[in-house]
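# Report on the structure
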Amino acid sequence: MSALTEFIEQTLISPRYLAGSGDPAWVIVPLRRACGWSTAGDPLVPRVILTSPDQLAQLRIAPDPDPAEPWWTLRHTHYGDQRAWEITFDAQAPVEIIAAVTAPAPPPTASSDACDPLRAAGWHAPRHHDGLTSPKAMTSPDGLARVDRIVDESGRSTGWIVETSVHHLPAIWRAYADGNTPSHVASAFFGALADTTPLIRHAHRVPSLAVTHGSTSTRQVSAESVACALRNRTTALAQRNPASSPLAPPAPPHAPTARRAR
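Below: a short report on this structure. What you see is a predicted model; the values in this text were computed from it and never measured. (Residues numbered from 1 in each chain as written. Predicted model: local features only at pLDDT ≥ 70, side-chain atom pairs only at ≥ 80, totals over all residues. Heavy atoms only, no water.)

## Section: helix H2 (residues 95-102)
Where burial is concerned, most of H2 is hidden: 8 out of the 8 residues are buried. Of all the positions in H2, only Val 95, Glu 96, Ile 97, Ile 98, Ala 99, Ala 100, Val 101 and Thr 102 are classed as buried. (Buried < 20%, exposed > 50% of the residue type's maximum accessible area, 1.4 Å probe, protein only. Helix = DSSP H or I, 4+ residues; strand = E, 2+ residues; numbered from the N terminus.)

Following this line, the structure appears as structure tokens:
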């Protein structure tokens, strides 16, 4: 390797929900280059709006000075039998988790529970139940992240609340998915949330809570490999889903054509 190769210090952070926001380009660039989403925005307003090629989905990034207000909003309009749905994320939600929601893996052929990835990662029911959320809530093994299913008086599901918090401190970030969110999208969200693979951040952009309540380690990597990471993700997404929107529900199977009796 050339002696002129530039190296950058990176920090690996786990659990990933403590890693902080990261670079929004991790979400925006693949949607534009691999999925054909168009970008609109006012140069005088700190806001970005991306729209899917089929005009069914919109991702809005609107930084808000109020930390309790969401920065990211993903909306999908009514389509076929699928009702309109929406997911929001606060500012400190890791972009890698948001990316999993904006470009989820294709839905499985068999129906599955959206919480299956949480159970597989060792998440469990919380010890305390507040009466406002479903007792089917799931908590991470370290107790720092929680997924609650919101239910109405009749027991009908009306959405999901995801929260990362440390003991009695204010929540680090929250996300909300309404009750119409497709199961495969919610599953992609929870799978990314529970994934034990560390997230990578610049050494000077590591949240303090990640150091005090998580696990961090540093490594030296070439600047070229850092630049390639986003390009490789974009290429992989383009190869997986070159034309259709990954958010659209799968088309129903075609019934076999009946043969005409002779």
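## Examining the pattern of salt bridges
Scanning the model with the defined rule gives 7 salt bridges in all. The partner of Arg 119 in a salt bridge is Asp 113, and the shortest N-O contact between them spans 3.2 Å. A salt bridge links Arg 174 to Glu 163; its shortest N-O distance comes to 2.6 Å. Separated by 11 residues along the polypeptide, Arg 174 in strand S10 (residues 173-178) and Glu 163 in strand S9 (residues 157-164) bring together distant segments of the chain. You can call Glu 163 partly exposed: its relative accessible area is 25%. Each of Asp 113, Asp 116 and Arg 119 takes part in one network of salt bridges that share partners. (Salt bridge = Lys/Arg side-chain N within 4 Å of Asp/Glu carboxyl O.)

## Here we look at the sheet that holds strand S11 (residues 199-202)
Pairing is antiparallel in the open sheet, where 3 strands are placed in the order S11-S1-S12. Among the strands making up the open sheet, the edge pair consists of S11 and strand S12 (215-222). This sheet shows a mean twist of 35 degrees between the axes of neighbouring strands, independent of strand direction. Bridging between strand S1 (residues 7-14) and S11 involves 4 bridges; their strand directions are antiparallel. Across the sheet, Ile 13 pairs through a bridge with Leu 199, a residue of S11. Packed onto the sheet, helix H6 (residues 223-240) meets S1 and S12 and runs at close to 105 degrees relative to S12. (Pairing = 2+ DSSP bridges. Axes fitted to C-alpha atoms, helices over the stretch in contact; angles between N-to-C directions. Contact = heavy atoms within 4.5 Å.)

## Examining the pairing of S1
Here S1 runs beside S12; their pairing, made up of 8 bridges, is antiparallel. Within S12, the residue paired with Ile 13 across the bridge is Thr 216.

## Section: the nonpolar core
One finds Trp 37, Leu 59, Phe 89, Trp 123, Trp 173 and Phe 190 to be the most contacted residues of the largest nonpolar core, which totals 52 residues. Residue contacts for Phe 190: discarding those within four places in its chain leaves Ala 114, Cys 115, Pro 117, Leu 118, Val 147, Trp 160 and Val 162. (Core = buried A, V, L, I, M, F, W, Y, C linked by side-chain atoms within 4.5 Å.)

## Looking at H6
Counting along an α-helix, one turn takes 3.6 residues, and residues three or four places apart therefore face a common direction. When the terminal C-alpha atoms of H6 are compared, their 27 Å separation across 18 residues agrees well with the 26 Å that a helix rising 1.5 Å per residue should span. Its maximal kink placed at Ala 229, H6 deviates by approximately 30 degrees. Regarding H6, the residues found buried are Cys 228, Arg 233, Thr 234 and Leu 237. Against helix H1 (25-33) and H2 lie the buried residues of H6. (Expected span 1.5 Å × (residues − 1). Bend = angle between axes of the 7 residues up to and from the residue.)

## Regarding the sheet that holds strand S8 (residues 145-151)
One open sheet accounts for 9 strands, arranged S2-S3-S4-S5-S6-S10-S9-S8-S7; its pairing is antiparallel. Among the strands making up the open sheet, the edge pair consists of strand S2 (38-40) and strand S7 (138-139). Here S7 pairs with S8 via 2 bridges, running antiparallel. Bridge assignment links Thr 139 to a residue of S8, and that residue is Arg 146.

## Some points on unusual backbone geometry
The amide bond that connects Ser 14 to the next residue, Pro 15, takes the cis arrangement and shows omega of -5 degrees. Inspection of the secondary structure puts Pro 15 in the loop between S1 and H1. For Gln 55, which is not glycine, the phi torsion reads 65 degrees and is therefore positive. A relative accessible area of 55% places Gln 55 in the exposed class.

## Brief notes about the packing of H2 against helix H4 (residues 183-194)
Close contact between H2 and H4 brings their axes to 8 Å; oriented N to C, the two are set at 160 degrees. Judged on the interaxial angle alone, H4 and H2 are roughly antiparallel. The handedness of the crossing between H2 and H4 is right-handed. Residues Ile 97, Ala 100 and Val 101 of H2 form the contact with H4, whose own contacting residues are Val 185, Ala 188, Phe 189, Ala 192 and Leu 193. (Parallel < 35°, antiparallel > 145°, perpendicular 65-115°, else oblique. Left-handed = near helix turned anticlockwise from the far one by under 90°.)

Geometric values such as these leave the question of function open.
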